[in-house]
Amino acid sequence: MFGNSFIPSQAHSFTASTQQVTGYDSVAASEGPSSPLVDVFVPADSVTEGVLETITNSEGWWEWLVSLKSLLNIPLFTLANTSVTLMSLVVFILLLTMFVMGASYLKKILRDRILPRFVQDEGLQYTLARMSQYSVVVIGILISFQFLGVDFTGLAVIFGFLSVGIGFGLQNITSNFISGLIVLFERPISVGDRVVVNGIEGDIEEINIRATKVKTLENISIIVPNSDFVSKDVINYSHGDPTFKLIIDVGVAYDSDLDLVLQALDEVASESTSVMKRRKHDIHLRSFGDSAWNMKLIVWVPNVKNRYTVQNELNQAIVRKFNERGIEIPFPQRDIHIKTGKNPLSE
């Protein structure tokens, strides 16, 4: 690259420098200790000591690095005919942690930014984001085992040992895991659904690998095993259709005007802004009770989660409307008839 002139030029510069140093030494020797050139140069012994000290320090650092390398390469145990060292174990943990954290971040990005643009169903958004997270974690586990030195044949051996453990004591965990996958793929329940499980009503907040979190109407979080959603009866009010048929029971006195009662209940349903208008409401006289006619007002609520709020509004509206029309809501009562006559014991 530099041609043949590079080496002669460097040799010439080295010769000139040597002559210059020799010249400086001659001047310094002729002028004696008062020469200003004496302070410019360092004694040869000091230079030698500095070089030796640098070499000694370098050798110390090198020996420390060699010792650290030897320590990291010490075999800890054998896994599937593969010797696992401290270095490979550290790399395995770091890779696995990186993939797990990356999968969680991917799930958050998908749910918050990407999927809402293309998918309207909140439950489907959660399912796609969760399955993407699981896929990244599985890929990370495989890659981490490869760096550990365990190939797919070794993984088969490991899974064989795990199957033995499952047979002895992990049936419950495995059942919940498989049930979680079934719930995610079949989607009998989705995030945001209003369900009743084990007699508890609440909303699905999160579906995890082992269990599902349900937030009750009292704002209490309950952790329900996934197997309960597969093996037991679960009421899902929101499955496929969030609308709900709300039935209001009310009793009116026997001496009431039936047409006036029907008109009053019809006005209550028509004036309410919380019930659906495209599905017509209905009013039934279902039965004759001991003290009243048992009437039923049937309306449709757009969202089942609001049924208790709508029920409260309609009950209050019925009371006010009945008071305006003079319609009585009776309370249970009994008529007792006492017959007077002679006491047979007195005769």
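Reading guide: rules and limits
- Residues numbered from 1 in each chain as written.
- Predicted model: local features only at pLDDT ≥ 70, side-chain atom pairs only at ≥ 80, totals over all residues.
- Heavy atoms only, no water.
- Pairing = 2+ DSSP bridges.
- Helix = DSSP H or I, 4+ residues; strand = E, 2+ residues; numbered from the N terminus.
- Axes fitted to C-alpha atoms, helices over the stretch in contact; angles between N-to-C directions.
- Core = buried A, V, L, I, M, F, W, Y, C linked by side-chain atoms within 4.5 Å.
- Buried < 20%, exposed > 50% of the residue type's maximum accessible area, 1.4 Å probe, protein only.
- Contact = heavy atoms within 4.5 Å.
- Expected span 1.5 Å × (residues − 1).
- Polar contact = N/O pair within 3.5 Å; in protein donor to acceptor, adjacent residues only side chain to side chain.
- Salt bridge = Lys/Arg side-chain N within 4 Å of Asp/Glu carboxyl O.

K.L.:
Go over the sheet that holds strand E9 (residues 282-288) with me, naming the residues and quoting the values.
P.N.:
Pairing is antiparallel in the open sheet, where three strands are placed in the order E8-E10-E9. Edge positions in the sheet fall to strand E8 (244-252) and E9, since each has one partner strand and no second. Recorded for the sheet is a direction-independent mean angle of 25° between the axes of neighbouring strands. Inspection of the sheet shows E9 paired to strand E10 (residues 293-301) by six bridges, in the antiparallel sense.

K.L.:
Tell me about the sheet that holds strand E7 (residues 235-236), and name the residues and values.
P.N.:
Reading across from one edge, E6-E5-E4-E3-E7 is the order of the five strands in this open sheet, with antiparallel pairing throughout. In this open sheet, the two edge strands, each paired with only one partner strand, are strand E6 (221-225) and E7. In this sheet, E6 lies alongside strand E5 (residues 211-216) in antiparallel orientation, the contact comprising five bridges. What sits directly across from Lys 213, in E6, is Ile 223.

K.L.:
Give a description of the nonpolar core that names residues and reports values.
P.N.:
Core analysis: the biggest nonpolar cluster contains 23 residues, and Leu 246, Leu 265, Met 295, Leu 297, Leu 314, Ile 318 and Phe 322 have the highest contact counts within it. For this core, the secondary-structure elements that each account for two or more residues are E8, helix H8 (258-271), E10 and helix H9 (307-325). When neighbours within four sequence positions are excluded, Leu 297 is seen to be in contact with Leu 246, Ile 247, Ile 248, Leu 265, Val 268, Ala 269, Asp 282, Ile 283 and Ile 318. Core analysis: the second largest hydrophobic core is formed by 14 residues, Tyr 134, Ile 189, Val 195 and Val 197 among them.

K.L.:
Any chance you could break down H8 for me, citing the residues and the numbers?
P.N.:
The terminal C-alpha atoms of H8 lie 20 Å apart, and with 14 residues this matches the ideal 20 Å at 1.5 Å per residue to within 8%. Along H8, the residues that are buried comprise Val 261, Ala 264, Leu 265, Glu 267, Val 268 and Ala 269. Those residues of H8 that are buried lie in contact with E8, E9, E10 and H9. Two or three places before Asp 259, at the start of H8, stands the capping residue Asp 257, its side-chain oxygen 3.2 Å from that residue's backbone nitrogen.

K.L.:
Could you give me a rundown of the pattern of salt bridges, with the residues and numbers involved?
P.N.:
Counted under the stated rule, the structure contains twelve salt bridges. Here Arg 325 and Glu 267 are joined by a salt bridge, their closest N and O atoms 2.7 Å apart. In this pair, Arg 325 is assigned in helix H9 and Glu 267 in helix H8, connecting sequence segments 58 residues apart. Classification of Arg 325 by relative accessible area gives partly exposed; the value is 26%. Relative accessible area serves as the criterion here: at 18%, Glu 267 is assigned to the buried category.

K.L.:
Give a description of the pairing of E10 that names residues and reports values.
P.N.:
With seven of its nine residues buried, E10 lies for the most part within the structure. As paired elements, E8 and E10 share nine bridges and run antiparallel to each other. In the strand pairing of E10, Leu 246 is matched with Val 299.

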